[in-house]
Amino acid sequence: MRNICMKVNYDGTDYFGFQTQPIGNTIQDRIEEAIKSLTGEVVKIHASGRTDAGVHAIGQVFHFHTESLIPIDRWCMALNGRLPHDIILTDAFEVPLEFHSRRSAKRKTYRYSINANQFLDLFNRRTQLHHPGKLDIQAMQESLPYLLGTHDFTSFASRHSTKQSHIRTLYEAKLTVDTSMCRKGHPRDQGVIHLFITGNGFLQHMVRIIVGTMLEVGEGKRKPEDMKIILEAEDRSAAGPTAVSKGLMLWNVEYEDF
């Protein structure tokens with residue numbers, strides 16, 4: 001028996017998330033079907049974490065057990081030929097049998113992208129939230145440090161969360177602004193704002209609720225220091241709306257060995 005670990009990029013627009021659902025059409029379904037087509041085995045893959053419907057990933061990690069003798073350097077090419085065009089496997093490793101993509105993960109980073117230009121970016125519309133109104137980006141950045149550290153993130157968790165504990169640790173939260181697509185001389189263009197947020201784990205909708213709340217700060221509806229008050233409330237109704245899923249991307253998963 002071998003334990004194969006792989007990395008996958010996907011555009012989640014047309015899928016009901018990563019993890020298998022009763023309604024079908026998930027990233028997991030498509031990958032397991034491809035493995036069965038290649039090896040004849042019915043396997044269950046285990047990912048570093050689920051992503052919701054419409055959420056994307058660069059470097060999502062998963063593993064599975066197989067008796068196949070296919071060389072490790074052939075797995076990506078062999079499976080990519082059996083996968084839809086919006087799912088691409090990029091790396092394969094053979095790992096110890098005890099390795100688990102979720103339990104062995106140490107840190108995860110998500111990126112959320114906000115197009116703050118006046119007009120929609122036609123070619124990135126599937127991976128960005130378009131917000132044409134003026135935003136106070138400095139205030140948005142100032143709201144984020146209040147979330148760093150170990151806290152109960154109930155205020156930023158879906159009401160449907162089934163986790164026994166909402167305590168998580170955030171190591172880093174920062175904004176970057178890409179102005180390369182701003183039109184010269186157009187003051188309503190603010191560029192594409194990327195939120196990068198790293199933690200030891202995330203709750204359902206956690207990043208998207210943080211973004212929805214951060215946008216209210218940028219719009220002047222809340223103050224940066226309100227983020228601390230919202231966090232301490234441990235009440236979902238204290239936070240802002242859940243930002244749309246298409247702007248969210250699983251950016252990186254870190255392990256001790258790779």
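These notes cover the structure that comes with them. (Residues numbered from 1 in each chain as written. Predicted model: local features only at pLDDT ≥ 70, side-chain atom pairs only at ≥ 80, totals over all residues. Heavy atoms only, no water.)

## Some words on the pattern of salt bridges
Rules: Each salt bridge in this description consists of a side-chain nitrogen of Lys or Arg and a carboxyl oxygen of Asp or Glu lying within 4 Å of one another. Helix and strand assignments follow DSSP, with helices taken as H or I runs no shorter than four residues and strands as E runs no shorter than two, numbered in order from the N terminus.
Applying the stated criterion across every chain, the model contains twelve salt bridges. Put simply, Glu-232 and Lys-228 hold a salt bridge, and the shortest N to O gap is 2.6 Å. Placement of both Glu-232 and Lys-228 in helix α5 (residues 226-233) is noted, with a separation of four residues, approximately one turn of the helix. A single network of salt bridges, built from pairs that share partners, joins Asp-11, Asp-14 and Arg-126.

## Things to note about the nonpolar core
As a rule of thumb, nonpolar side chains are buried together in soluble globular proteins. Note the cut-off: In these notes, a set of buried Ala, Val, Leu, Ile, Met, Phe, Trp, Tyr and Cys residues joined through side-chain atoms within 4.5 Å is what counts as a nonpolar core. Only protein chains enter the calculation, and the probe is 1.4 Å; a residue is then buried if its accessible area is under 20% of its type maximum, exposed if over 50%, and partly exposed in between. Residues are treated as being in contact if the distance between any of their heavy atoms lies within 4.5 Å.
Core analysis: the largest hydrophobic core is formed by 67 residues, its most contacted members being Met-6, Ile-31, Phe-62, Phe-64, Ile-114, Leu-147 and Phe-156. When residues of this core are assigned to their parent elements, the largest contribution, seven residues, is made by helix α4 (residues 206-218). Sequence-distant contacts of Phe-64, that is, excluding residues within four places in its chain, are made with Arg-2, Asn-3, Ile-4, Met-6, Ile-35, Val-43, Lys-44, Ile-45 and Trp-75.

## Things to note about α4
In an α-helix, one full turn covers 3.6 residues, which means residues spaced three or four apart are oriented alike. What counts, and what does not: One less than the residue count of a helix, multiplied by 1.5 Å, gives the span that helix is expected to have.
Helix length check: α4 (13 residues) gives 18 Å between terminal C-alpha atoms against 18 Å at 1.5 Å per residue, within 8%. For α4, a buried count of 13 out of 13 residues is recorded, marking the element as mostly surrounded by other parts of the structure. Immediately downstream of α4, the backbone of Gly-220 shows phi near 85°, a positive value.

## Structural notes on the environment of Ser-101
As a reminder, the rule being used: Distance and chemistry together define a polar contact, namely a pair of N or O atoms within 3.5 Å, with one atom able to donate a hydrogen and the other to accept it when in protein, and with adjacent residues in sequence counting only for side-chain atoms on both sides.
Within the secondary structure layout, Ser-101 lies in the loop between β4 (87-95) and β5 (107-115). The spacing of Ser-101 and Ser-48 is 53 residues in sequence and 4.6 Å in space, taken between C-alpha atoms. Residues contacting Ser-101, with those up to four places away along its chain left out, are His-46, Ala-47, Ser-48, Val-61, Phe-62, His-63 and Tyr-255. Polar side-chain contacts of Ser-101 include one of 3.1 Å to the side chain of His-63.

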